Each structure stands twice: as structure tokens, then as C-alpha cells.
2 protein chains.
Amino acid sequence: MITQQWVQSLSNNGCRVTKPRCVILDIIARSERPLTPQEIHALAAAKSPGIGLVTVYRTIDKLEEMEMVERVHHTGQCQTIFRRAVGHKHLLICTQCGRSVHFEGLEFEKEFQLIAQKHGFCITSHWLQLSGLCADCQKGKNT
Amino acid sequence: MITQQWVQSLSNNGCRVTKPRCVILDIIARSERPLTPQEIHALAAAKSPGIGLVTVYRTIDKLEEMEMVERVHHTGQCQTIFRRAVGHKHLLICTQCGRSVHFEGLEFEKEFQLIAQKHGFCITSHWLQLSGLCADCQKGKNT
DNA sequence: GTGCTTGCAAATTCTTTGCAACTTT
DNA sequence: AAAGTTGCAAAGAATTTGCAAGCAC
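Residues numbered from 1 in each chain as written. Chains lettered and ligands numbered in written order. Predicted model: local features only at pLDDT ≥ 70, side-chain atom pairs only at ≥ 80, totals over all residues. Heavy atoms only, no water.

1. Quick word on the packing of aromatic side chains
Working step 1: On inspection of all chains with the given rule, the structure shows six aromatic pairs over all chains.
Working step 2: Ring geometry for phenylalanine 108 of chain A and phenylalanine 108 of chain B: centres 5.7 Å apart, planes at 90°, overall edge-to-face. Of the two residues, phenylalanine 108 of chain A is situated in helix H5 (residues 106–118) and phenylalanine 108 of chain B in helix H5 (residues 106–118); the pairing between them involves two chains.
Working step 3: Aromatic pair tryptophan 127 of chain A and tryptophan 127 of chain B: ring centres 6.5 Å apart, planes at 50°, arrangement tilted. Linking tryptophan 127 of chain A in strand E5 (residues 122–133) with tryptophan 127 of chain B in strand E5 (residues 122–133), this pair reaches from one chain into another. You'll find tryptophan 127 of chain A and tryptophan 127 of chain B in the same group, each marked buried.
Working step 4: Every member of this aromatic cluster is reached through a ring pair, and the members are Phe108 and Phe112 of chain A together with Phe108 and Phe112 of chain B. (Phe/Tyr/Trp six-rings, centres within 6.5 Å; stacked < 30°, edge-to-face > 60°. Helix = DSSP H or I, 4+ residues; strand = E, 2+ residues; numbered from the N terminus. Buried < 20%, exposed > 50% of the residue type's maximum accessible area, 1.4 Å probe, protein only.)

Right, dumping it as C-alpha cells:
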């Protein structure tokens, strides 16, 4: 389970493993789709009343810093949070239900470099996200 | 000049061609890099004192609606505005000076579809941006 | 006990809305 | 003259900060 790995990492980095933090971690780790800070807060508060939105923001910052989550562009904003994949992967997002899947994209890397060279640029990072409808939403299951 | 085309389009769509609007249009059309609403406002106010930030927001909305500009992910946010390219192009951005260039990316489209199919998704759009250092910034010119 | 965390309240920052005055056509 | 626009002030929304109390180790 991802949650346990994250708790371990936190601990290894000298961070305290507190109740609110665990609840938030677990919600993000288990989510199949990117969540906004507000959504995370709502889910966290449901599980464990009293958790503040501020704690959610601070936990997200910490997780981002430790490269366990990343910001994703979804529903018009780029502040939704999704767990980060191991290795170099990109995201495939369902515009309707939000379900997201990581995919390998190594084939592209070389092409990106070539394109950049043509313009005199030296690439340091890239942002690639595909949006569409997942199998269920195509069938109208989540309507 | 892009500005003139835009003014023409506005006019054709029944929009009034006002002074503030022209100033804002011109700033965005000429910019080599994505600008935040605040930056646009600062530049606009410098050229023509009295222009309100609200007008900038409203003009951006209109331009976006008419597909003349797009939101770009830059410097940690995705609300910076950059002119939109004709046809299907992607963006190459300098993380240091912000200079941006559009490039063709048709070769990727088919691959995107294939990847999506493997996961049962049907792609409707994608978001691809390459970030790095432009030629000048690599040489330390803009430091 | 020490020092990291938490939650509250307040402060900021960014964006949107209501409205009367003002332009463009 | 009619209708779209503008800028101001105010309202909202989202995020950050200060701080005393509370936990984890």
C-alpha cells in the first residue's frame, strides 16, 4: 500500500507521523483521481472531524516537496493533487469522472529534445497530459 | 501584425473596439512570453493610465472565448496568457526569461491515441509543454 | 522535555460581480 | 439612441501567515 510507504518516508525524513497527516496521506494515496485541496479537506474531515484546511495545505506542500504527489491540470485549474508515479510517467485523465492513469512516455523524450534543439532550447522538463473519456464514461456509466 | 487581425475579429463579432481593449490586445499580441493578468495590467496602465485590472480580466476572457489566446502553465501557475498559434501547436517555454515558441506536434497525435486506447480511453484533448532554457539564457545573457 | 504540528483567526492575494457613467456604432 | 464597455468599490474565493496549545518522539 502506498500509504505505508509514504508514512515510512515521512518518518525517515524526520517528520512526525500524526493522525491528521495519516488521514490526508491515505486519502491522496488511494484516490483514483486528482483532488483539490478543498476536496481532500472534505474527505479528511469526514473521516476525522476537526482536521483543518490549513493542515491539508501544509501536508500537500510537504508531500510535494518530497515528490510524492504532483499538481495536475484538471477542470480548469492546475492545483489538483495526484499521487506521483515511480519513474517517468505521464497522465491520462478522464474529463468526466476524473479517473487518472499513468503511462510510460519514454519514446517521446528524444523527440522533445530534437524539437527543442531546432529552436535553440535545452529542455529541462515537460508537461504532458492527455484528456478524454475513460471506458466507463464512454459507455455512459458515470452519467 | 496580429493586433490588427484581432481588432478585425473583435469588430466582426460585434464587439466594440475601444481604447483600453486595443492597448491590452496589443500587449498580448506582441509579447514573446506568457503574461499574468497583473503583468498585462501593469504594462497596459503604463501605456494608458487609468485602465483597470477588471478590464484586463474581461478582455482576456473575451480573447480566450474567441480562441485568440490560451492559458499556459508557467512559473507555478496556469493562468499566464499567451497568444494562440494557428493550427495545432505546442509550446516550448524558457523557464528563466519566459520566452516562448510554438512548434508543430502532429507526429505525436497518433501515438497519443494508441496509448489511450490501451487504457480504454478516448482522447479529446491534450496538454503538452516543454520547458527549458532558450539559447540566450543558456549563454547567460539574461542573468 | 523538545521541537515539530495543529487549528483558529486574521491577513493576503487573486478574481468576480453590481452598477452608474461613458463610449462606440 | 441603443447597446456594449469601463472603472470603481465591494464581494467572494483561495491560499498563506502568526501564534498559542497540543502531540510525537
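Moving on from the coordinates now.
2. Examining the sheet that holds strand E3 (residues 89–94) of chain B
Working step 1: Sheet architecture is open: six strands sit in the order E4(A)-E3(A)-E5(A)-E5(B)-E3(B)-E4(B), paired in mixed fashion. Lying at the two open borders of the sheet, with one neighbouring strand each, are strand E4 (100–104) of chain A together with strand E4 (100–104) of chain B. Here the average twist between neighbouring strands, direction ignored, is 25°.
Working step 2: As paired elements, E5 of chain A and E5 of chain B share eleven bridges and run antiparallel to each other. Bridge assignment links isoleucine 123 of chain A to a residue of E5 of chain B, and that residue is glycine 132 of chain B.
Working step 3: Seen against the sheet, H5 of chain A touches strand E3 (89–94), E4 and E5 of chain A together with E3, E4 and E5 of chain B and runs at an angle of roughly 125° to E5 of chain A. (Pairing = 2+ DSSP bridges. Axes fitted to C-alpha atoms, helices over the stretch in contact; angles between N-to-C directions. Contact = heavy atoms within 4.5 Å.)

3. Some points on the pairing of strand E1 (residues 69–74) of chain B
Working step 1: Bridge analysis of E1 of chain B against strand E2 (residues 77–83) of chain B gives five bridges, and the strand direction is antiparallel. Looking at the pairing, valine 69 of chain B lines up with arginine 83 of chain B of E2 of chain B.

4. So, the protein's contact with DNA strand C
Working step 1: Taken together, the neighbourhood of DNA strand C is formed by 22 residues, with Arg16, Thr55 and Arg58 of chain A together with Arg16 and Tyr57 of chain B sitting nearest.
Working step 2: At the protein interface, 65% of the atoms of DNA strand C within 4 Å belong to sugar or phosphate.
Working step 3: The separation between a phosphate oxygen of DNA strand C and a polar main-chain atom of glycine 52 of chain A is 3.2 Å.
Working step 4: Between DNA strand C and glutamine 38 of chain B there is a distance of 3.0 Å, counted from a phosphate oxygen to a side-chain nitrogen or oxygen.
Working step 5: If you list the elements that add at least two residues to the surface near DNA strand C, you get helix H2 (19–30) and helix H4 (53–65) of chain A together with helix H3 (37–47) and helix H4 (53–65) of chain B.
Working step 6: Residues that form the surface near DNA strand C fall into these classes: nine nonpolar, seven polar and six charged. (Near = heavy atom within 4 Å. Polar contact = N/O pair within 3.5 Å; in protein donor to acceptor, adjacent residues only side chain to side chain. Nonpolar A, V, L, I, M, F, W, Y, C, P; charged D, E, K, R; others polar.)

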